[in-house]
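What follows is the residue order along each chain.
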Amino acid sequence: FIAPVASAPELEEEDVRVLIAARIVIYLQVPELGDTFVRMNRWDPRIRDDIRNHPLFASMRSKLADNSFHRKDLVEVARLVPERWLREVAVIGSLDECMTMLQTFKDTGCAEIDFYSSSPAQNATLIRAWAVRKGAAGDAGLAAGSGSPA
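Residues numbered from 1 in each chain as written. Predicted model: local features only at pLDDT ≥ 70, side-chain atom pairs only at ≥ 80, totals over all residues. Heavy atoms only, no water.

Enquirer: Looking at this model, I keep getting lost on the overall build of the protein chain. Mind explaining?
Expert: In terms of regular secondary structure, the protein chain is built from eight helices and four strands. For the protein chain, the succession of helices and strands along the chain, N to C, is β-α-α-α-α-α-α-β-α-β-α-β. In the protein chain, which comprises 150 residues, the proportion classed as buried is 41%. Expressed as a percentage of contacts within the protein chain between residues at least 6 apart in sequence, the contacts between residues at least 24 apart total 69%. Roughly 7900 Å² of accessible area belongs to the protein chain as shown, and the carbon and sulfur atoms make up 54% of that amount. (Helix = DSSP H or I, 4+ residues; strand = E, 2+ residues; numbered from the N terminus. Buried < 20%, exposed > 50% of the residue type's maximum accessible area, 1.4 Å probe, protein only. Contact = heavy atoms within 4.5 Å. Areas by Shrake-Rupley, 256 points an atom, 1.4 Å probe, with all protein chains shown as cover.)

Take a look at the structure:
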């Protein structure tokens, strides 16, 4: 299978909040999707509810947060997303931490990991490091998406 994975390797905390945590906020705003994320990841539903009930969302033009706000506008709400949640579902942190998380995904049996959220340039060092690690194993099984850094 192909695993779509949000990534923000070796980026500053604020960039991780915009690229990853704000995206989680957007997902949690969609009732069925957010409820599924919480259930499957065994996350605390009270945190999901705190995010959904944040005052920022009272002014939404649409039922969907991503139709009303850019991820940069959601950073305050994204601070409610626990660091643990980010590390459980995304490739973030130091190069070594990212490599470990990639291996975790590969160990689940995925044939390819497709990055999204961050840009190909932001993933370049990670992709090179993974290719070197895999060496003669052939295809590294990674693909940087066309996600925008903002």
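Enquirer: So what exactly am I meant to see when it comes to the side chain of Ser68 here?
Expert: Among the structural elements, Ser68 can be located in helix H4 (residues 65-68). What makes Ser68 buried here is its relative accessible area of 10%. Not counting the four nearest positions on each side in its chain, Ser68 is found in contact with Met60, Arg61 and Ser62.

Enquirer: Got a minute to help me understand the pairing of strand E3 (residues 112-116) in this structure?
Expert: Across a regular strand the side chains alternate sides, sitting on one face of the sheet and then on the other. Residues of E3 alternate between two faces, with Ile113 and Phe115 buried on one and Glu112, Asp114 and Tyr116 left unburied on the opposite face. The pairing of strand E1 (residues 2-9) with E3 spans five bridges and is parallel. Residue pairing across strands places Pro4 opposite Asp114, the latter belonging to E3. (Pairing = 2+ DSSP bridges.)

Enquirer: What exactly am I supposed to notice about the environment of Pro4 here?
Expert: Relative to the assigned elements, Pro4 resides in strand E1. It is 9.7 Å that separates the C-alpha atoms of Pro4 and Ala90, two residues lying 86 residues apart in sequence. Residue contacts for Pro4: discarding those within four places in its chain leaves Asp114 and Tyr116.

Enquirer: Honestly, the pairing of E1 in this entry has me stumped. Any pointers?
Expert: Of all eight residues in E1, six are buried, a share of seventy percent or more. Strand direction decides the pairing type here: E1 and strand E2 (residues 91-93), joined by three bridges, are parallel. Of the residues in E2, the one forming a bridge with Ala8 is Ile92.

Enquirer: Help me understand the packing of helix H1 (residues 13-29) against helix H3 (residues 45-52), please; the structure alone is not making it clear to me.
Expert: For the pair H1 and H3, interaxial distance at closest approach is 10 Å and the crossing angle is 90°. The angle between H1 and H3 places the two elements in the roughly perpendicular class. Contact with H1, carried on its side by Val25, Leu28 and Gln29, involves Arg48, Ile51 and Arg52 of H3 and no other residues of that element. Each residue belonging to the contact of H1 with H3 can be placed in one class, and the counts come to three nonpolar, one polar and two charged. (Axes fitted to C-alpha atoms, helices over the stretch in contact; angles between N-to-C directions. Parallel < 35°, antiparallel > 145°, perpendicular 65-115°, else oblique. Nonpolar A, V, L, I, M, F, W, Y, C, P; charged D, E, K, R; others polar.)

Enquirer: Sorry, what's going on with the packing of H1 against helix H2 (residues 31-41) here?
Expert: When two helices pack together, their arrangement is captured by the angle between the axes and the distance separating the axes. One way to put it is that H1 packs onto H2 with a least axis distance of 5 Å and a crossing angle of 115°. If you check the angle between H1 and H2, you find them roughly perpendicular. On the side of H1, the interface is formed by Tyr27, Leu28 and Gln29, while H2 contributes Pro31, Leu33, Gly34, Phe37 and Val38. Looking at the contact of H1 with H2, its residues break down into six nonpolar, two polar and no charged.

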